[in-house]
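# Architecture and fold: a report
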Amino acid sequence: MKSQKCLLLSLFAGSLIPAGAVAEWYAGGGVFYAVAEGTAIYDSNIFTNSAEEDSFIFLVSPGIQYIRDAGVVRLEAEAGVVFSYYSTDSDFNSEDPFVELSVLMPFRDEDYPLALRGKAAYIEEVLPDPTVGQRVERSKADIETRADYRFHQYFVGWGAAGYENYDYSANSPGSGLPGAPSTFGNSEVFDVELGGAYRYSANLNVGLSGRLRWTEHDLWDSTDYAVFAVAEGRILPRTTGTIRVGAQHRSFDSSAIEDQWSPYVSVELEWEADENTTWVLAVVSDYQPTSANESVQSRAVSLSLRQQLVAKIDGYVSVVLERLELDDPASTGGERNDDVGRVVVGANYTLTELVSLNGNVSYESRDSTSSFASFDRVVAQIGLRARF
């Protein structure tokens, strides 16, 4: 145990690299960087349940990053490992690899009629899961692609496709909700979207779109489709973003869950009050699966403020209100509703172009129809990220 602590501390210290110690490797029109990140966290409720057990957590993440923005293609890739150490129980410690890739084309060419973008990632992580009240190990693989084409100076169309695969296992068996599983299953999500819009102005598109999504879970499969109006671009003179509003229907192959109609909402608006102040409003109403074979209807609204405090320091405040409606076909307990409120206050300090410091404090209050899932939680963290 002592040697492991020494290794983690040495890795954390290794992330504190002077700004001048920069090593760059050029290849394929891009550049490779070594990346190191260290984070110290205090979590007052590591299992996200009413027992409210706390712990200090230390994360160290060495990795490598590749950035290419030559020509019409911009490519970013990063890979590494997150080493986690818990002060309360070494059984929670983990080593979690990750790989992330994003591609954008064209890059710096707004006159090109076709735009392609894609993302792919594989991430292993340990995280608290309030739906089961314990820490779970999750591996996630996902792919997102989208193509936009300008058919005419007044008409644009787009198509998108995505795939997500989640695999869960228990990181802290016996700590979760009464009756919650000690092992978890796999879920896969496939989705496609087609849409078109009229170019109302040079900076605003207005149109219609439809999405079809299939979810395969251990205990049930579902198909849902959504039809919605779309407005994206400069909504108001100083406000940009995307508004998607419509309806969706979800059907299940399990008689334990009723088919559902609900509104579909996805809104993200950014208002630049002045050159140093930005407000962001987000509203979401959509379905999602969980680690415990549940179907969740999530409705959330968040309001965030980003403020440039001085030349290299910016701060932010975020308030989130969320309603979760869980339908559970397993033995863990029928329907459940959670009301969640969350406040986050933080700041980022850009020491140099390659080194940044960040910190935040969050408070969450969850009121659930399951008493074991009602809790308060405070998380405080500080981290340093460096490229060299």
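Residues numbered from 1 in each chain as written. Predicted model: local features only at pLDDT ≥ 70, side-chain atom pairs only at ≥ 80, totals over all residues. Heavy atoms only, no water.

## Describing the overall build of the protein
Selection rule: In DSSP terms, a helix is any run of H or I states spanning at least four residues, a strand is any run of E spanning at least two, and both are numbered starting from the N terminus. Note on contacts: a residue pair is in contact if any heavy atoms of the two residues lie within 4.5 Å. Under the convention used here, a 1.4 Å probe and the Shrake-Rupley method define accessible areas, while residue burial counts only the protein chains that appear.
Regarding its fold elements, the protein presents 1 helix and 19 strands. Restricting the contact set of the protein to residue pairs at least 6 apart, pairs at least 24 apart contribute 54%. Summed over its atoms, the accessible surface of the protein is roughly 19,600 Å², and 58% of this surface lies on carbon and sulfur atoms.

## Concerning a nonpolar patch on the surface
Let me state the cut-off plainly: Surface patches are defined over residues having more than 30% relative accessible area and no salt bridge, joining like charges when they lie within 9 Å and nonpolar side chains (Val, Leu, Ile, Met, Phe, Trp, Tyr) when within 5 Å. Counted as salt bridges are all cases of a side-chain nitrogen of Lys or Arg within 4 Å of a carboxyl oxygen of Asp or Glu. We call a residue buried when its accessible area falls under 20% of the maximum for its residue type, exposed when it is over 50%, and partly exposed in between, using a 1.4 Å probe and counting protein chains only.
Taken together, the side chains of Tyr149, Phe151, Tyr154, Phe155, Tyr198, Tyr200 and Val206 define a hydrophobic patch exposed on the protein surface, amounting to about 770 Å² of accessible area. Counting only elements with at least two residues in the nonpolar patch, the list comes to strand E7 (134-152) and strand E9 (183-201). Inspection of the secondary structure assignment puts Tyr154 in the loop between E7 and strand E8 (155-170). Taking the relative accessible area as the measure of exposure, Tyr154 reaches 38% and is therefore partly exposed.

## Here we look at the environment of Val245
Of note, Val245 is situated in strand E12 (residues 239-252). The class for Val245 is partly exposed, based on a relative accessible area of 43%. With 20 residues separating them along the chain, Val245 and Val265 place their C-alpha atoms 4.7 Å apart. Apart from the residues lying within four places of it in its own chain, the contact partners of Val245 are Phe228, Ala229 and Tyr264.

## What to know about the confidence of the model for the protein
Any segment with low pLDDT has predicted coordinates that should not be analysed in fine detail. Our working rule: pLDDT is a per-residue confidence score from the predictor, ranging from 0 to 100.
Chain-level pLDDT for the protein is 87 on average; 87% of the residues reach the 70-or-more range. Note that residues 1-21 has pLDDT below 50 and, in this model, 25 contacts with residues that lie over four places away or in other chains.

## Quick word on unusual backbone geometry
In terms of backbone geometry, most residues other than glycine have negative phi values and most peptide bonds are trans. A positive phi angle, near 50°, is found at Thr48, a position not held by glycine. Position of Thr48 among the secondary structure elements: in the loop between strand E2 (30-43) and strand E3 (55-68). Given a relative accessible area of 2%, Thr48 falls into the buried group. For Glu52, which is not a glycine, the phi torsion comes out positive at approximately 50°. Relative to the helices and strands, Glu52 is located in the loop between E2 and E3. Of the residues examined, Glu52 reaches a relative accessible area of 38% and is grouped as partly exposed.

## Considerations on the pattern of salt bridges
Going through the model one piece at a time under the given rule, you end up with 23 salt bridges. Here Asp148 and Arg117 are joined by a salt bridge, their closest N and O atoms 3.3 Å apart. Here Arg117 lies in strand E6 (residues 114-129) and Asp148 lies in strand E7, a separation of 31 residues in the sequence. Take Asp148: its relative accessible area is 16%, and that puts it in the buried class. One salt bridge connects Arg244 with Glu193, and the closest N-O pair in it is separated by 3.0 Å. Here Glu193 lies in strand E9 and Arg244 lies in strand E12, a separation of 51 residues in the sequence.

## A word on the nonpolar core
For clarity, the threshold we go by: Among buried residues, those of type Ala, Val, Leu, Ile, Met, Phe, Trp, Tyr and Cys that are joined through side-chain atoms within 4.5 Å constitute a nonpolar core.
Residues Ile41, Ile46, Phe47, Ile57, Tyr86, Phe92, Val126 and Val379 constitute the largest nonpolar core, which totals 8 residues. Those residues in contact with Ile41, other than ones at most four positions away along the chain, are Ser55, Phe56, Ile57, Leu59, Val379, Ala380 and Gln381.

## Description of the packing of aromatic side chains
To be explicit about the condition: Aromatic rings from Phe, Tyr and Trp, with only the six-membered ring used for Trp, were paired whenever their centres fell within 6.5 Å, and each pair was classed as stacked if the ring planes differed by under 30 degrees, edge-to-face if by over 60, and tilted otherwise. As a reminder, the over-ring test applies to NZ of lysine and CZ of arginine, requiring each to be within 6 Å of the ring centre and within 35 degrees of the ring normal.
The full count for this structure, using the stated rule, is 13 aromatic pairs. Seen from their ring centres, Phe32 and Tyr66 are 4.5 Å apart, and the 40° between their planes marks the pair as tilted. Residue Phe32 is found in strand E2, and its partner Tyr66 is found in strand E3; the two are separated by 34 residues along the sequence. Judged by its relative accessible area of 28%, Phe32 is partly exposed. Aromatic side chains Trp220 and Phe252 sit 5.5 Å apart centroid to centroid with 75° between the ring planes, which places their arrangement in the edge-to-face category. Here Trp220 is found in the loop between strand E10 (204-216) and strand E11 (221-236), whereas its partner Phe252 is found in strand E12, with 32 residues between them in sequence. Members of the aromatic cluster, connected to one another through ring pairs, are Phe47, Tyr86 and Phe92. Just above the ring of Tyr33 sits the side chain of Arg387; from NZ or CZ to the centre is 4.2 Å.

## Topic: the side chain of Glu188
Here is the rule: Just so you know, the count uses Lys and Arg for positive and Asp and Glu for negative, and it drops His and the chain ends. N or O atoms closer than or at 3.5 Å make up a polar contact, with two conditions inside protein: a donor-capable atom paired with an acceptor-capable one, and, for residues adjacent in sequence, both atoms drawn from side chains.
Tracing the backbone through its elements, the reader meets Glu188 in strand E9. At 13 Å, Arg250 is the nearest oppositely charged side chain to Glu188, a buried residue that forms no salt bridge. Of the polar contacts made by the side chain of Glu188, one reaches the side chain of Tyr163; its length is 2.6 Å. At 3.4 Å, the side chain of Glu188 forms a polar contact with the side chain of Asn165. Excluding residues within four positions of it along the chain, Glu188 makes contact with Tyr163, Glu164, Asn165, Trp214, Thr215 and Glu216.

## A look at the pairing of strand E4 (residues 74-86)
Definition in use: Any two strands between which DSSP finds at least two bridges are classified as paired.
In this structure, E3 lies alongside E4, joined through 10 bridges in antiparallel fashion. The partner of Phe58 across the bridge, within E4, is Tyr85. Between E3 and E4, which pair antiparallel one after the other, the connecting turn spans 5 residues, and Gly71 there sits at a positive phi close to 65°. Taken together, the 11 bridges between E4 and strand E5 (residues 94-105) define a ladder with antiparallel strand orientation. Bridge pairing links Ser84 to Ser94 in E5.

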